[in-house]
Amino acid sequence: MSDSTTAPVSPVVLEAWFDLQCPDCLRALDDVRALREEYGDRLDVQLRHFPLAKHKHAYAAAQAAEEALAQGKGWPYAEALLTRTAELGERGEPVLLELAAELGLDAEEFDTALIDGRHLLTVDADEAEGKAIKVTGTPTYVIGGERLDGGRSQEGLRERIGAIADRLLDA
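Values in this document were obtained by computation on a predicted structure and should not be read as measured data.

**Comments concerning helix α1 (residues 23-39)**
The first and last C-alpha atoms of α1 sit 25 Å apart over 17 residues, in line with the 24 Å expected at 1.5 Å per residue. Of all the bends found along α1, the most pronounced is centred on Leu29 and spans about 30 degrees. Here α1 has its buried residues at Cys25, Ala28, Leu29, Asp31, Val32, Leu35 and Tyr39. On its buried face, α1 is in contact with β1 (12-18), β2 (43-49), α3 (74-82), β3 (140-143) and α8 (157-170). At the C-terminal side of α1, Gly40 shows a positive phi close to 55 degrees.

**Observations regarding the packing of α1 against α3**
The interhelical angle for the contact between α1 and α3, taken along N-to-C directions, is 145 degrees, at an axis separation of 9 Å. Viewed along their axes, α1 and α3 form a crossing whose handedness is left-handed. Here Cys25, Leu26, Leu29, Val32, Arg33 and Arg36 of α1 come into contact with α3, specifically with Trp75, Glu79 and Leu82. Residue composition of the contact of α1 with α3, by class: 6 nonpolar, no polar and 3 charged.

**Quick notes on unusual backbone geometry**
A cis amide bond, omega -5 degrees, links Thr138 with the succeeding residue Pro139. Within the secondary structure, Pro139 is located in the loop between α7 (120-132) and β3. With a phi close to 70 degrees, Lys134 is a non-glycine residue in the positive phi region. On the basis of relative accessibility, which here comes to 56%, the residue Lys134 falls in the exposed class.

**Things to note about the environment of Ile133**
Positionally, Ile133 belongs in the loop between α7 and β3. Here Ile133 falls in the partly exposed class, since its relative accessible area comes to 31%. Spatially, the C-alpha atom of Ile133 lies 19 Å from that of Leu157, the residues being 24 residues apart in sequence.

**Observations regarding the sheet that holds β3**
Spatial ordering of the open sheet is given by β2-β1-β3-β4, a layout of 4 strands whose pairing is mixed. Two strands lie at the open edges of the sheet, namely β2 and β4 (146-149), each paired on one side alone. Averaged over all pairs of adjacent strands, the angle between strand axes in this sheet comes to 20 degrees, irrespective of strand direction. For β1 and β2, the ladder comprises 7 bridges, and the chain directions are parallel. Residue Trp17 lies in a different strand from β2, and its bridge partner there is Arg48. Packing against the sheet, α7 makes contact with β1 and β2, and its axis sits at approximately 100 degrees to β2.

The rules we used
- Every chain's residues receive numbers from 1 upward, in the order its sequence appears when written.
- Given that this is a predicted model, residues contribute local features only at a pLDDT of at least 70 and side-chain atom pairs are listed and counted only at 80 or more, while totals for whole chains, interfaces and linings are drawn from all residues.
- Only hydrogens and water are set aside; all other atoms, that is, all heavy atoms of the structure, feed into the side-chain values.
- Helix and strand definitions here come from DSSP, where helices need a minimum of 4 consecutive H or I residues and strands a minimum of 2 consecutive E residues; each element is numbered from the N-terminal end.
- The span you would expect from a helix comes to 1.5 Å times its residue count less one.
- Bend at a given residue is defined as the angle between two axes, one fitted to the seven residues that end at that position and one fitted to the seven that begin there.
- Relative accessible area decides the class of each residue, using a 1.4 Å probe on protein chains only: under 20% of the type maximum gives buried, over 50% gives exposed, and in between gives partly exposed.
- Any pair of residues with heavy atoms lying within 4.5 Å of one another is described as a contacting pair.
- To define axes, lines are fitted to C-alpha atoms, for helices over the stretch in contact only, and angles between the resulting N-to-C directions are given on a 0 to 180 degree scale.
- Working rule for handedness: look at the near helix, and if it is turned counterclockwise from the far one by less than a right angle, call the crossing left-handed; if clockwise, right-handed.
- Gly falls in the polar group here, along with every residue not listed as nonpolar (Ala, Val, Leu, Ile, Met, Phe, Trp, Tyr, Cys, Pro) or charged (Asp, Glu, Lys, Arg).
- Pairing between strands is defined by DSSP: at least two bridges between them are needed.

Structure below.
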């Protein structure tokens, strides 16, 4: 998922493989925001879905994020949802619809999208691709063909991603 449809294609893509119910992904959000601020439109940060089986509502959350993207607020929705990982775990799917309404999105369309499964293929494709490139946990990043696993430790990841981005931008 990328909201950069109106921006020129960026020379560097950072794929952020997240589970939107994952507390580690919430902690990684500050790094993602810092990278987006530092690199601006030179770095296209794309949310890729990798819902973990241990998070009961992560799959529905990924579908909801895709509906938010379809309605023009993919990243704002994903970021706001990550701040509610505990609430999502406790209350489930009503949180997805409430957040949509709070962000001015069409909550009824969210409900319909979750029922009719219109975003299932996108989430399934991301999950399958993640497995193919050996994503095993979240957050995981891919930049310049290099996979960086933040599920074990996020220490130093932002700096490593920045160094790879700098190298790719200078090439």
